[in-house]
Amino acid sequence: MDTFNRKTANRKKNGISAKSILIPAVIVILLMHASIVGNTIRINRMGQKLSAATQGNFTYTQTAKAFYNSSDLLADKARLYVSTGDEAYLNEYFLEMRSLMPRDTALAPQIAPIETDASREQLQFALQAAQRCVDIEYRAMRLCAEGLHADLSEYPELANAPLTGAEAALPDGEKQSAAAALLVSTEYLQVKNQIGEHVDRAIQSVATQTAQNIGTLNKTMRSYQILQWVMTVTTIVILSVLCFLLYVLLISPLERSADEVQRGETVPPDKGLAEFRRLAAAYNELLHHRKMMETYLRQQSQTDPLTGLPNRLAFQNFVSELSWEKAHSSVIVFSLDVNGLKEANDQRGHTFGDALLRNSASCIQSALGTGAGKHCFRFGGDEFAAFWVDVPVSELEGALARFEKEQSEHEVSISVGCAYAEDLSETTVEQLFQEADKNMYDDKAEFHRRQAQEVLNNLMQSIDGPDAE
C-alpha cells in the first residue's frame, strides 16, 4: 500500500508520461486499422463474388440465347436453300454448323461455374431437340438437292441423311415442294418450340439460383459493412479521446508556455505531461543562463572585430531606426570602397590586407565620423558606409577635403560617393544609398582610369628613355 501511495504521489508531482498514453493508444489503433483493412479485403471479395455472379448469369443467358439463335439461323438457311435452290445458302448453313462445336467448347468453361443441375438438364433436352431439328433440315435439304441434281460430295452429312421410301420415290419436280413441306411440318415446328422452352427454363433456373446466391452474398456483405462502421467509429472515438488528452496535457500547457516564453518569463514546471515538465525545468535553467549572456553578446554582435566600427547588423538596425524615427531629418549618405584590397591580399598576404582595412577604417572615422549626428559602419569586405543626420551640408566640402588628406596620411586609397536629402520623408534611405553607391562606382572608375594612365605614362617613359640618350 505504501509503495502504491508513493507511486501515485510521484505521478501527481511529475505528471502523466506520454508513453503511458501513446503506447496503448497506438497499439489499439494499429489493431483496429489491421481489422479494418482485413474487413475491407473481405468486403472487396464479396463485391467481386457479386460481380462474378451477375456477370456469370449474363454470360449464361447470352450463351443460351446464342444457342437458340444459332438454331433459328440454321432453320432460316435451310428454308432459303429449299425455297430458292441457291447453293450459297447451303454453304452458309454448313459454315454455321461447323462453327458451333468450337464455339460451344470455348464457352463451356465460362458457363460451367454458374450452371445448375436443372439448367444442365434443360440444355441437354434443348440439344436433343436441336438435333432432331437438324435431322429434319438435313432430310429437307437432301430431298431438295436430289430434285435439283445438286452435287453433295462436299457435304457428306447431307448425302448420308436418311429419306423415307416415299420421299425417295418422289419425282424430281415434287421433291423441292416436299422438302419445303418438311420445314413447316407440325413435327418440325413442335421441336423448334421445344428448343425455346428448354432454353428459357435453363435461363430461369440459373437466374433463380443466381438471385439466391446474390441474396446470400448481400446479407454477408451487409454484416461486414456494419462491422466496418463499428470499427471505424470506434477508431474515431479512440482518436478523439487521444486528441482531447493531448490537448489538455500538452497543447494547452504549450500554448500558455509559448506566451510566457515570448515574454521572456519562466515556464511553470508543474503543468502538462511529465516530459513537458522536464522540458520546462530545463528551459527555465537555460533562460537564466541566457539572461547572463545577453548583455555581453549584444555588445559583441554589432561591432566589427577587425576595425572596431559598427558592423552590418548595426548598419541595418541604424537604417531601420533612421527610417522610422528621423523621417523629416536631413541626411547625407556616404558609400565607400577600399581600393586595391584584393591586390594587397594577393601580393602581400591577408595580414597586410587586414592592416589596410584598419587604416581605412581609421581614415573614414577620422574624416567623416567625428561629431554629433555622424555615424560610420563597415558592412562587409572592403565596403564601408557613413551617415550624417541633421549635419549642415555646408560641412561636406571641407570633410571631403579632409578625407583626401587623411587618405594620404594613412597611406590608403578609398573611393567615395555621396547623396543628400534635405527631408528624408521625400525619399528613402535605400534610394539615397543607391545614389551614393552609383557615385562611388563613378569615383572608382576614375581611380582605375588614373591607374591605367599612370601605367601608360610609365610605359611611354621606358620607351622614350633610350631615344633620349
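The structure under discussion appears in the preceding block.
Residues numbered from 1 in each chain as written. Predicted model: local features only at pLDDT ≥ 70, side-chain atom pairs only at ≥ 80, totals over all residues. Heavy atoms only, no water.

## Focus: the sheet that holds strand E1 (residues 331-338)
The cut-off we apply is this: Whether two strands pair depends on DSSP finding at least two bridges between them. By the criteria applied, helices consist of DSSP H or I runs no shorter than four residues and strands consist of E runs no shorter than two, each listed in order from the N terminus. Axis angles are defined between N-to-C directions and span 0 to 180 degrees, where every axis is a line fitted to C-alpha atoms and, for a helix, only to the segment in contact. Throughout, a residue-residue contact means that at least one pair of heavy atoms, one from each residue, lies within 4.5 Å.
Spatial strand order, E2-E3-E1-E4: four strands in an open sheet with antiparallel pairing. Every other strand in the sheet has two partners, leaving strand E2 (374-380) and strand E4 (414-421) as the edge strands with one partner each. Across the sheet, the axes of successive neighbouring strands diverge by a mean angle of 20 degrees, strand direction being ignored. Two strands pair when backbone bridges link them, and E2 and strand E3 (residues 383-389) are joined in this way by six bridges, in the antiparallel orientation. When the bridges of E3 are listed, His-375 appears paired with Phe-387. In the packing of helix H12 (residues 350-368) onto the sheet, contacts are made with E1, E2, E3 and E4, and the angle to E1 comes to roughly 160 degrees.

## Topic: the packing of aromatic side chains
Put simply, the rule is: Pairs were defined over the aromatic rings of Phe, Tyr and Trp, the Trp ring being its six-membered one, requiring ring centres within 6.5 Å. Orientation was assigned from the angle between planes: stacked under 30 degrees, edge-to-face over 60, tilted for the rest. Throughout this description, buried means an accessible area under 20% of the type-specific maximum (1.4 Å probe, protein chains only), exposed means over 50%, and partly exposed covers the range between. Charge over a ring is defined by NZ of Lys or CZ of Arg lying within 6 Å of the ring centre and within 35 degrees of the ring normal.
Per the counting criterion, the structure on display carries 13 aromatic pairs. With centroids separated by 5.9 Å and ring planes inclined at 45 degrees, the aromatic side chains of Phe-315 and Phe-387 adopt a geometry described as tilted. With Phe-315 in helix H10 (residues 312-325) and Phe-387 in strand E3, this residue pair connects regions lying 72 residues apart in the sequence. For the pair Phe-315 and Phe-387, a shared accessibility class is recorded, and that class is buried. Three or more aromatic residues link up through ring pairs in this structure, and these residues are Phe-315, Phe-318, Phe-377, Phe-379, Phe-387 and Phe-433. Here the basic side chain of Arg-42 rests over the ring of Tyr-224, its NZ or CZ set 5.1 Å away from the ring centre.

## Describing the layout of surface pockets
For the record, the criterion: A pocket here means an open set of points on a 1 Å grid, computed over the protein atoms alone, that has protein on both sides within 12 Å along at least five of seven lines. A cavity is instead a set of points where a 1.4 Å probe fits but cannot get out; residues with an atom within 4 Å of a point line either one. Grid points are joined across faces, edges and corners, and a volume is the space filled by probe spheres set on the points. Residues are grouped as follows: nonpolar covers Ala, Val, Leu, Ile, Met, Phe, Trp, Tyr, Cys and Pro; charged covers Asp, Glu, Lys and Arg; every other residue, Gly included, is treated as polar.
Empty space within the second largest pocket amounts to approximately 220 Å³. Tallying contributions element by element places H12 first for the lining of the second largest pocket, with four residues. Residue composition of the lining of the second largest pocket, by class: six nonpolar, five polar and one charged.

## Examining the state of the cysteines
Rule in force here: When two cysteine sulfur atoms are found within 2.5 Å, that pair is recorded as a disulfide.
By the definition in use, this model includes zero disulfides. The thiol of Cys-144 is not disulfide-bonded; the next cysteine sulfur, from Cys-133, is found 18 Å away. We classify Cys-144 as buried; its relative accessible area is 0%.

## With respect to the nonpolar core
Short version of the rule: Definition of nonpolar core: a set of buried residues of the types Ala, Val, Leu, Ile, Met, Phe, Trp, Tyr and Cys, connected through side-chain atoms within 4.5 Å.
Leu-90, Tyr-93, Tyr-138, Met-141 and Leu-158 are the most contacted members of the largest nonpolar core, which has 36 residues in total. Contributing elements (two or more residues each) for this core: helix H2 (18-84), helix H3 (87-111), helix H4 (117-147), helix H7 (172-182) and helix H8 (186-262). The dominant element in this core, judged by the number of residues it contributes, is H4, at twelve residues. Those residues in contact with Tyr-138, other than ones at most four positions away along the chain, are Tyr-93, Phe-94, Met-97, Glu-157, Leu-158 and Ala-161. Counting 25 residues, the second largest nonpolar core, distinct from the first, contains Ile-332, Leu-336, Ala-344 and Ile-414.

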